[in-house]
Amino acid sequence: MLGHASGTIGFPLRLLARENYDRAVAIKGVDAVALVTGEEKIVPPRATYFICTVESMPIDRDVAFLAVDEIQLAADRERGHVFTDRLLHSRGRVETMFLGSETVRPLIRRLVPDAKFITRPRFSKLTYSGPKKLTRLPRRSAVVAFSVSEVYGIADLLRRQRGGAAVVLGALSPRARNAQVALYQSGEVDYLVATDAIGMGLNMDVDHVAFASLSKFDGRAPRALTPSELSQIAGRAGRHMNDGTFGVTAEASALDPEVVARIETHEFQSVKALYWRNSDLQYATVQSLLVGLQKPPPGPGLMRPSTPEDQLILDILANESDVRERAKGSQRVRLLWDVTQVPDFRKLRPENHARLLSQIFMHLSDVNECIPEDWVAEHVGRIDRADGDIHALMDRIAAIRTWTYLTNRPRWVENAGYWQDQTRVVEDRLSDSLHDKLTEQFIDRRIAHLVKKLKGTDRMVAAVDETGRVEVDGHFIGTLNGLVFEPDKTGLKAADRAIENAADAVLVPELERRGRLQIDAEDDVFSLDDSARVVWQDSVVATLTPGPRPLSPKVLVKADDRLDRAIYDQLTARYQAWTDAHISKLLGPLIQAEAAPLKGAARGLAFQVSEALGTVDRKEAEAQVRVLTDEDRKALAGHRIRFGLNFIYVPDVLKADPVRLRALLWVITNAPDTAPGLPPSGRVSFPTEKGVPADYYRSSGFHPVKGMAYRVDMIERFSAEVRRLLREGAKILPPANLSPLGIGAENAVELLVALGYVSSVGDEGISIAIRRKPKRQKTKPKSHSKTDGAEKRKPRPKKRAEKPIDPDSPFAVLKDLVKS
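Predicted model only: the values in this text are computed from it and were never measured.

Each value, and the rule that gives it
- Each residue is numbered by its place in its chain's sequence as written, counting from 1.
- Whole-chain, interface and lining totals are the exception, using all residues; otherwise, since this is a predicted model, local features are given only for residues with pLDDT of at least 70 and side-chain atom pairs are given and counted only at 80 or more.
- With hydrogens and water excluded, all non-hydrogen atoms of the structure serve as input to the side-chain values.
- The salt bridge criterion pairs a side-chain nitrogen of Lys or Arg with a carboxyl oxygen of Asp or Glu, the two atoms within 4 Å.
- A run of H or I in DSSP counts as a helix once it spans at least four residues, and a run of E counts as a strand once it spans at least two, with each numbered from the N terminus.
- Here the axes come from fitting lines to C-alpha atoms, over the contacting stretch only for helices, and the angles between their N-to-C directions go from 0 to 180 degrees.
- Should an angle fall under 35 degrees it is called roughly parallel, over 145 degrees roughly antiparallel, and 65 to 115 degrees roughly perpendicular, with every other angle called oblique.
- Left-handed describes a crossing whose near helix is turned anticlockwise from the far helix by less than a right angle; the clockwise case is right-handed.
- The criterion used for residue contact is that any of the two residues' heavy atoms lie within 4.5 Å.
- Polar here means any residue other than Ala, Val, Leu, Ile, Met, Phe, Trp, Tyr, Cys and Pro, which are nonpolar, and Asp, Glu, Lys and Arg, which are charged; Gly is therefore polar.
- What we call a nonpolar core is a set of buried Ala, Val, Leu, Ile, Met, Phe, Trp, Tyr and Cys residues that are connected through their side-chain atoms within 4.5 Å.
- Note on classification: 1.4 Å probe, protein chains only; a residue is buried when its accessible area is under 20% of the maximum for its type, exposed when over 50%, partly exposed between these limits.
- A pair of strands counts as paired when DSSP detects no fewer than two bridges linking them.
- Whether two aromatic rings pair depends on their centres lying within 6.5 Å, for rings of Phe, Tyr and Trp, where Trp uses its six-membered ring; planes under 30 degrees apart make the pair stacked, over 60 edge-to-face, and the rest tilted.
- Put simply, a charge is over a ring when the Lys NZ or the Arg CZ is close to the ring centre, within 6 Å, and near the line of the ring normal, within 35 degrees.

Quick look at the pattern of salt bridges
- Under the criterion given, the structure shown has 46 salt bridges.
- Between D190 and R140 there is a salt bridge whose closest N-O contact spans 3.3 Å. Remark: R140 occurs in the loop between β7 (126-132) and β8 (141-144) and D190 occurs in the loop between α5 (174-185) and β10 (191-194); sequence separation between them is 50 residues.
- Residues K216 and D196 are paired through a salt bridge, measuring 2.7 Å at the closest nitrogen-oxygen approach.

Right under this line is the structure:
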C-alpha cells in the first residue's frame, strides 16, 4: 500500500488496525496516515493512507490501492456480509488485494473472474505431537480453551505449577490484551492461555499450541471446531522459519488422524458459500428499508444470513410508536439505520441493547440533533470505576467502548473531541486495572523466575535484610525468624529445593552473627512469653522444657540446622543461665528456702513449699507443722514463709510477675494437653477455667472455690477478719469486708463454707457462724465367746453430757482464742 500514492486497507480487528497504523506512521509520518475504526478516528487533513477495520472502511473514497485482510471471513455468519460486500464492490484505481485462506479461492474465482491468485507457502513445518498433561507442556506453549471458566481454571493451575500464564480473551480491550501478550513475549511467563482470540491478529513466539477443548459455543449452540478453524489456531505455533507443534491437553480427546493430516498439509474443504446482504438500500420509509434488507442474493455462491443483530434491533425499534413517529423521511430513516449499527460490545440481549439505542435515536432526532453532554457524562461517570473483580472490569470496558464508538460518530455528541479523549482515558484506566488483576490472579512471578532459573545455569543471589526478610534475585522466599529460617514454600519440590540451596549462602553467616550477638548480650534483651519461650528481638529463640524440679526447667534452643554446633552449644548455655537468673530474680525466696541449712521438719516443709511453687494447703502439711519448734518457725519466717489459718505460703511471690512465672513453671512441669490461661495480672480473684486442675491455681498462688480463684493471702486476710468478727459476737458480715477480694455475696458464702464456716445470704446480709464438729456415733461393744477364755469387756462409763455453750458468751470467745 505504501508503495502507491494513496490507499485504504481493512483489517478484521481493531488491534490489528492500530498496530499497522503505528507501522505506517513510522514510515510515512503522522500527517499522511489516518486510523478509522468504530471506536477511534485519527484523520489528519491531508491523510492519503487509511488504516481501518473492515466495517469502517471509507468505501466512497478514491484511492490507488485497496486491500482487505482475512477475506475468508466472508463466510462468517455474523460479519461475513460486510467482507463479501468489500469483495464485490470495493476497488483501488491501480491495485486491489484480498488476503486470506485458500479455502475461499474457488468462490472468489467465481465471483471475481479477473482476479489473479498468488500463493505464499508456509516456511515452517507444523507437526502434531499428541496429548500431553497440562503440567507436562513444554515452555512457550499456548493453551486454547473456549470458555472463560476453562481459561481461568487452566491459568490458575499453571500459576501454581509453573509460575503463571498470560491470559488472552476476546472480551479484553486491545490495551489489556497487548499488555498480557507482552508478559508472554518478554519471557516473564512461558505459557499463554487463551480463547480462539489468538487465532487472528496476534503474532507471538509460540512453539506449541495445545487444545484443551475441541468444541465451542458459536452463539447459538455448541459445535465441533472445523479442521480449518483448528488450523487457524494451531498455526500460531512456529513463525516464519521456526517449526511448531500442536496437540491436545486437559479433557480434550486425541485428534482424528484425518484432521491431523489436513492441518499438517494445509488442505481443507473449500467454502461453499459466502454470506451476502443487500447494501443498495432504500431509505424512503422504515418499511422500504426492511424490504431492502430481505432481498435475496443475486446469484449462486452467496447466501443471506439469518437475521443479523442490527436488523433484529431495527425490527424492535420499528415497533416503538415514538421511534416510528420520528423516523419519517429518508434522512431520519438513514439515521435510524446508522443507530442500529452501534455494536453491542456488552453482548446483551437484542431487547436490552435496543433500549439504549432507542434513547440515542430520540436524542439525535430531537431539536438539537445530538446526544446531550450531561447524559453522556452521567453514563461515563457510572462506568469510570477501577474497582471490582475481573468480570466487573471487563463489563465496564465493554460499556465504555459503546460510548467511545458514539463519540466518534460525526456530530452525534456535543463537545465530541473532549468526550473522545475522556472515554479513551477511562478505557485505558480500566484496561490497566484489568491487566493488573489478571497478572495478580494468574501469575506468581517468584515461581516463574525460580522455575526458569532451575532450567538454566545462572547462579541465584540471596540476601537478608535487618528485619529477617530473605530474598533471592529480588523475590521474597522466606523469613529468618530469630535463628529459624521459615521458607515461603511454592508447592513445587524442585523450586523449594532451589530456594533452600540459594538461601544457604546468606543464612549461614547471618545465623552465626545473630548467635554471637545473643551470646554476648545483656540479660535485659531476653524475655519469656506466655508460652514459656525465650524471646529475643520479638523472635522465639528457645523453649523451656521440664527439668529435674519445677524451679529448674531445661532450655531447648530453636535454631536452623545451618547453625554451627559450637555456637548452638554456647547459646544453650547462655539461655540456661538467663532462665536460671530470671527464676532466681522473681522466685528467689523459694530457691533460698530450699537451699537454707534447715533441719528436720523445717527442712522438709521448706522443700515442700518450694516444690509446690510457693503455696501449700495447711491441712496437707499439718503433721509437719505440729512438730515444728519455735526455732524452726523463726527460721522459716526468716525465709519469708508464712503460716496462715488455711495455707502456708510466701507473700513475696504473690506479685504479678512472680505469679505469671509460677503458672508457666507449672505448665512446663505438668505439660497438659491444653495449657490454661495465665492468671490476669494484678487481680486477686478471677473466674476459673473448666477442667483445669486445682493444683494449677494453687501453684500460681490462688485457691479455686466454686468457679472462682482467690489469691491465698487475701483468703487469709478475709478468714482472719471473719474470726475477729465472730470473737466480737458479730453474726453478719459487713459488705466492706468483701471489697479486698472483689467478689459478691454469693461468692463470699461459697468461700466461707469452703473455709469451714456456716454462712448464707439473708435479708440482713451474709450470716456467719462457726461450724460445729458432728458428734461421734455410739457403737455397741463386740461380744466375745465364752469358749475363747477372753475376759468380757466392761462397758465404758457414760460421759456426762456437756451443756451447750452460747456462742455469744465470753467463754466461747476465750475457747476459740485458746484453740487458735
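Quick notes on the packing of helix α9 (residues 309-318) against helix α11 (residues 330-340)
- For the pair α9 and α11, interaxial distance at closest approach is 9 Å and the crossing angle is 130°. Taken together, the axis directions place α9 and α11 in an arrangement best described as oblique. Remark: the crossing between α9 and α11 carries right-handed chirality. Within the contact between the two elements, α9 uses D310, I313, L314 and L317 and α11 uses L336, W337 and T340.
- For the contact of α9 with α11, the class distribution of residues is 5 nonpolar, 1 polar and 1 charged.

What about the nonpolar core?
- Membership of the largest hydrophobic core comes to 67 residues, with the highest contact counts inside it found for V534, Y575, L587, L636, I648 and L665.
- Not counting the four nearest positions on each side in its chain, L587 is found in contact with L551, V653, P658, L661, R662 and L665.
- In this structure, V143, V167, L364 and L393 belong to the second largest nonpolar core, which totals 66 residues.

Here we look at the sheet that holds strand β22 (residues 533-536)
- Spatial strand order, β21-β22-β23-β24: 4 strands in an open sheet with antiparallel pairing. The strands lining the two open edges of the sheet, one partner per strand, are β21 (526-528) and β24 (554-557). Between one strand axis and the next, the sheet turns by 30° as a mean value, whatever way the strands run.
- Note that β21 and β22 share 3 bridges and pair antiparallel. Across the sheet, F526 pairs through a bridge with W536, a residue of β22.

Some thoughts on the packing of aromatic side chains
- Going through the model one piece at a time under the given rule, you end up with 10 aromatic pairs.
- Ring centres of W375 and W403 lie 5.5 Å apart, and the angle between their planes is 75°; on these two criteria the pair is classed as edge-to-face. Highlighted residues: W375 in helix α13 (residues 373-383) and W403 in helix α14 (residues 390-407), separated in sequence by 28 residues. Accessibility assignment for this pair places W375 and W403 in one class, buried.
- The structure contains a cluster of three or more aromatic residues connected by ring pairs, namely W666, F686, Y696, Y697 and F702.
- The cationic tip of R140 hangs over the ring face of Y184; the distance from NZ or CZ to the ring centre is 3.8 Å.
- Over the ring of W412 we find R409, and its NZ or CZ is 4.6 Å from the ring centre.

Everything listed here is a matter of geometry and, on its own, says nothing about what the molecule does.
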